[in-house]
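Descriptive analysis of the structure
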Amino acid sequence: MTLQFREIAATQKSRARAGIFRTLHGEILTPLFMPVGTQASVRNVPAEQLAAAGSQILLANTYHLLLRPGKEVFERLGGIHNFMKWQGSVLTDSGGYQVFSLSQSRKVSEEGVTFASYVDGALHLLSPENSIAMQKAIGSDIMMAMDVCIPSTSEFTESQKAMEQTHRWALRSLTARGTSAQAIFGIVQGACHEKLRIESAKFINSLAFDGLAIGGLAVGETKTERERFTELACSYLSPDRPRYLMGVGTPLDLLEGVHRGIDMFDCIIPTQFAEQGNVFTSTERIQLARGIYKFAEDRLDPGCACPTCATYSRAYLHHLVKTCEPLSTQLLGTHNIWFYHSLMNKIRSSILNGSFLSFYNEWRERLDARDVPRQEAPTKVGRRPSRRPHQLGAFELVAVSDEAHSIRHVSSKEVMHPGKNPMDEAEQLYVQQAKLVEKVEALKENEELILWDVGLGAGFNAMAVVHALKNAKTRGRLKMLSFERDLDALRLALYHPTYFPHLRHGGPHSLLEKKTYENENLSWELVEGDFLERFTSCAIPDLIFFDPFSSKTDTSVWTLDSFQKLFEYLKSSSRNCRLQSYTASTAIRARLLMAGFFVARGQASPPKAETTLAFTKDHEEQNLFLGKDWLEKLSRSGAYSEISELHTSAHIDKAIALHPQFLRV
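Predicted, not measured: the structure shown is a model, and the values here were computed from it.

Here is what the cut-offs are and how they apply
- Residues numbered from 1 in each chain as written.
- Predicted model: local features only at pLDDT ≥ 70, side-chain atom pairs only at ≥ 80, totals over all residues.
- Heavy atoms only, no water.
- Helix = DSSP H or I, 4+ residues; strand = E, 2+ residues; numbered from the N terminus.
- Rg over C-alpha atoms; globule rule 2.2 N^0.38 Å.
- Buried < 20%, exposed > 50% of the residue type's maximum accessible area, 1.4 Å probe, protein only.
- Contact = heavy atoms within 4.5 Å.
- Areas by Shrake-Rupley, 256 points an atom, 1.4 Å probe, with all protein chains shown as cover.
- Lys, Arg positive; Asp, Glu negative; His and termini not counted.
- Charge placed at Lys NZ, Arg CZ, Asp CG, Glu CD.
- Axes fitted to C-alpha atoms, helices over the stretch in contact; angles between N-to-C directions.
- Parallel < 35°, antiparallel > 145°, perpendicular 65-115°, else oblique.
- Left-handed = near helix turned anticlockwise from the far one by under 90°.
- Nonpolar A, V, L, I, M, F, W, Y, C, P; charged D, E, K, R; others polar.
- Salt bridge = Lys/Arg side-chain N within 4 Å of Asp/Glu carboxyl O.
- Arc of directions from axis to C-beta.
- Phe/Tyr/Trp six-rings, centres within 6.5 Å; stacked < 30°, edge-to-face > 60°.
- Core = buried A, V, L, I, M, F, W, Y, C linked by side-chain atoms within 4.5 Å.
- Pairing = 2+ DSSP bridges.
- Polar contact = N/O pair within 3.5 Å; in protein donor to acceptor, adjacent residues only side chain to side chain.

Our next topic: the overall build of the protein. When its secondary structure is counted, the protein shows 27 helices and 27 strands. Here the C-alpha radius of gyration of the protein, 27 Å, is about what a compact globule of 665 residues would show, namely 26 Å. Projected onto the principal axes, the alpha-carbon positions of the protein cover approximately 85 × 60 × 50 Å. Looking at the 665 residues of the protein, the share that counts as buried comes to 59%. In the protein, the share of contacts with a sequence separation of at least 24, taken over all contacts with a separation of at least 6, comes to 70%. Of the accessible surface of the protein, which amounts to about 27,300 Å², a share of 50% is contributed by carbon and sulfur atoms. Of note, the protein has its 75 positive side-chain charges centred 1 Å away from the centre of its 75 negative side-chain charges.

See below:
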């Protein structure tokens, strides 16, 4: 085995163990945590701070690095270590998880997965051979075999099919590895099915992999299930190779994983939580946005040796979080990564000195502790935080009322959901008007309702859907596709959970990191790129929330040509697709009609007295359809000059008058 793993100490009445192995870049002590550097960069934490914190291995993402900067860059510049100036070890995933999350824009075959790039729309084939070739070019110390990753809650037959293909791809990955000095890990699959997990663990364990990973967990199952199937898989993996639990997790998850036999972990949580003002300490997890820390002169964590704790008070860090200073994410991210490494060092020491079970029982409670009010702390919060906008890319933070904030497009000054409460508008104008919960609850067994969320923005509409479905009783499922070409608006909002409480949820973070999020009622996928270029590769929807910026800012999606292309695609289905939009523009309604849609009045959304509904077929809500009064309004309006695709008012009048919607007027 390339890594020459040795188990140095083990624990009685536990599977916890301490070990050592060697990569091309040095000696690795286990158990360990690997910070995630998706794009050859750990978010907000410089490489020198990662090294100082004790990071031994960083994880990089083959899928993202394949698309940008691309294989040639790594080949020319001598691999990822020289590229990002990192002296430690690097593990690369295969890219399989990411491409399998693109359920509407990829095609799976025995050869591999064909998918469209979110960078330029170009088609790529990711196969076991291509994945290993890319990982060789990256020059990682540890490569991962390509696997088929499906939700852990999948049915037995689907899980078995995915597992068997994972096994075939494991063999091809090993062959593609050839004589490379880079190590390679195989991945155990099988979802939450005991028979399949055992079968997969035995098969992967029988192959000549340098390490053994457990995949397909932390993607839908409960904490209890994850711990059960982790321990089950470990019990069938030989002790002579490191074991890696992929994508996990919180500090408590790491402790539980070590107890069940895991040596290696990775997760985005340390930096993701830092962006929300959350930090882990030796006594509890705290949210620094809380007013209780405004006057707190004590260190963040007296038991931590990181530069953040050594230098700054909780009051100063609270100030940075409340004023949305980017420095807060760097300082808190650095602390959280130090905390993770410190925890793993403590766990390793307890294993070596024979006290792991005592440590486990003490820290299990401590790591589960949450931020609670302290009676002795000052309760006066003072003035509201500054409303100065904080910019990211083309977007900035803006207050829309005394109680609510939104995101504004800098150059056009257009605000997303400009009403007094953006979430109220999203819920009423989109979710409630569509009677979405009722539609989902009416679904039959295994039936699916498809929703396009066009213009993800700061996630108001999408999260209104997520929250509305939380307690829905259904035998079917909603599939939501969120289209967005510039994710900076969502990223900016996520920096400010105090201002955007609707984003205090795992969904948006999963969407940014994995391009997908799932729960029992919902499958949510990000379709990144230009909507007009991407929608024809997606399943035809039942419902569209059409919420891009206005035609002045995002002109191309509102043209007659765009609506015609959309209508032609939608009408090929037997579904009567319903489109809802905030606009009440006469010109936009005229374009929708000329494209073929049936157009109706939607409910009011102050200051607008009405909004717009459109259907691909005639509809029972005919009482809402635009009628003769609207035709008269059109003739009096200045809309003709706005419909540049047609040159005369007579042409427009004739095209609309011949629409079936008006032939019965």
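Where helix α9 (residues 223-234) meets helix α10 (residues 251-259), the closest approach of the two axes is 10 Å, and the angle between their N-to-C directions is 30°. Between α9 and α10, the interaxial angle falls into the category roughly parallel. Classified by chirality, the crossing of α10 by α9 is right-handed. Here α9 contributes K223, R226 and E227 to the contact with α10, which in turn contributes L252, D253 and E256. The residue inventory of the contact of α9 with α10, partitioned by class, reads one nonpolar, no polar and five charged.

Judged by how many residues are buried, strand β5 (residues 57-61) sits mostly within the fold: five of five residues are covered. Here β5 shows two buried faces, one formed by I57, L59 and N61 and the other by L58 and A60.

Below, the discussion takes up the pattern of salt bridges. All told, the structure shown has 34 salt bridges when counted by the stated rule. A salt bridge links R17 to E7, with the nearest nitrogen and oxygen atoms 2.9 Å apart. One end of the pair, R17, is in strand β2 (residues 17-23); the other, E7, is in strand β1 (residues 6-10), with 10 residues separating them in the sequence. The exposure class of R17 is buried, given its relative accessible area of 2%. E7 sits in the partly exposed class, given a relative accessible area of 38%. By sharing partners, the salt bridges in this structure join R15, K223, E227, E231, E256, R260 and R364 into a single network.

For the rest of this paragraph, the subject is helix α15 (residues 356-367). Along α15, the positions that sit buried rather than exposed are F356, F359, Y360, W363 and L367. Angular distribution of buried residues about the axis of α15 spans 100°; they occupy a single face of the element. Set apart from the buried face of α15 by more than 90 degrees, the exposed residues are S358 and E365. Buried residues along α15 sit against α10 and α14 (326-352).

Our focus in this paragraph is the packing of aromatic side chains. As enumerated under the stated definition, the model contains 30 aromatic pairs in all. Aromatic side chains Y430 and F545 sit 5.1 Å apart centroid to centroid with 50° between the ring planes, which places their arrangement in the tilted category. In this pair, Y430 sits in helix α16 (residues 422-432) while F545 sits in strand β24 (residues 543-546), placing the two residues 115 residues apart along the sequence. Among the residues examined, Y430 registers a relative accessible area of 0% and is labelled buried. Judged by relative accessible area, F545 falls into the buried class, the value being 0%. Between the aromatic rings of W630 and F662, the centroid separation amounts to 6.3 Å while the plane-to-plane angle is 20°, which identifies the pairing as stacked. One end of the pair, W630, is in helix α24 (residues 628-636); the other, F662, is in helix α27 (residues 660-663), with 32 residues separating them in the sequence. In this pair, the class of W630 matches that of F662, namely buried. Among the aromatic residues, ring-to-ring pairing joins W452, F483, F531, F535, F546, W558, F563, Y569 and Y582 into one connected group.

Right, let's get into the nonpolar core. Ranked by internal contacts, the top residues of the largest apolar core, which has 84 residues, are I407, W452 and W524. Excluding residues that lie within four positions of it along the chain, W524 makes contacts with L456, A462, M463, V466, M480, S482, G507, P508, L511, K515, T516 and Y517.

The subject of this paragraph is unusual backbone geometry. Of note, the amide linkage connecting T30 to P31 takes the cis form, showing an omega dihedral of 5°. When you line up the elements, P31 lands in the loop between β3 (26-30) and β4 (32-35). Notably, C324 is not glycine yet its phi reads approximately 60°, a positive angle. When you line up the elements, C324 lands in the loop between α13 (314-322) and α14.

With mixed pairing, eight strands are arranged side by side in an open sheet as β22-β23-β21-β20-β24-β25-β27-β26. Taken across any chain shown, the strands that pair with only one partner, and hence form the sheet edges, are β22 (516-518) and β26 (598-602). Direction aside, neighbouring strands of the sheet carry axes that sit 15° apart on average. Across seven bridges, strand β21 (residues 477-484) lies against strand β23 (residues 522-528) in parallel orientation. From the neighbouring strand, M480 faces β23, where its bridge partner is W524. Of the strands in this sheet, β22 and β23 are in contact with helix α20 (residues 506-514), which crosses β22 at around 140°.

Spatially, the three strands line up as an open sheet ordered β1-β2-β3, and their pairing is antiparallel. One side of each edge strand has no neighbouring strand; the edge strands of this open sheet are β1 and β3. Looking at each pair of strands side by side, their axes are set apart by 15° on average, direction ignored. Across four bridges, β1 lies against β2 in antiparallel orientation. Along β2, the bridge assignment pairs A9 with A18.

Moving on: the packing of α16 against helix α18 (residues 460-468). The N-to-C vectors of α16 and α18 enclose an angle of 75°; their axes lie 9 Å apart at closest approach. The pairing of α16 with α18 is recorded here as roughly perpendicular in orientation. Along the contact surface, α16 presents P422, M423, A426, E427, Y430 and V431, while α18 presents F460, N461, M463, A464, V465, H467 and A468. When its residues are assigned to classes, the contact of α16 with α18 shows 10 nonpolar, two polar and one charged.

Within the element layout of this structure, D120 appears in the loop between β8 (113-116) and β9 (123-126). Sequence-wise, D120 and D530 are 410 residues apart; in three dimensions their C-alpha atoms are separated by 9.3 Å. A polar atom in the side chain of D120 sits 3.3 Å from the side chain of S117. Separated by 3.0 Å, the side chain of D120 and the backbone nitrogen of A122 make a polar contact.

Most of helix α23 (residues 586-595) sits inside the fold, with 10 of its 10 residues counted as buried. With a side-chain oxygen positioned 3.3 Å from the backbone nitrogen of A587, the residue opening α23 is S585. Of the residues trailing α23, G596 is marked for its positive phi of about 120°.

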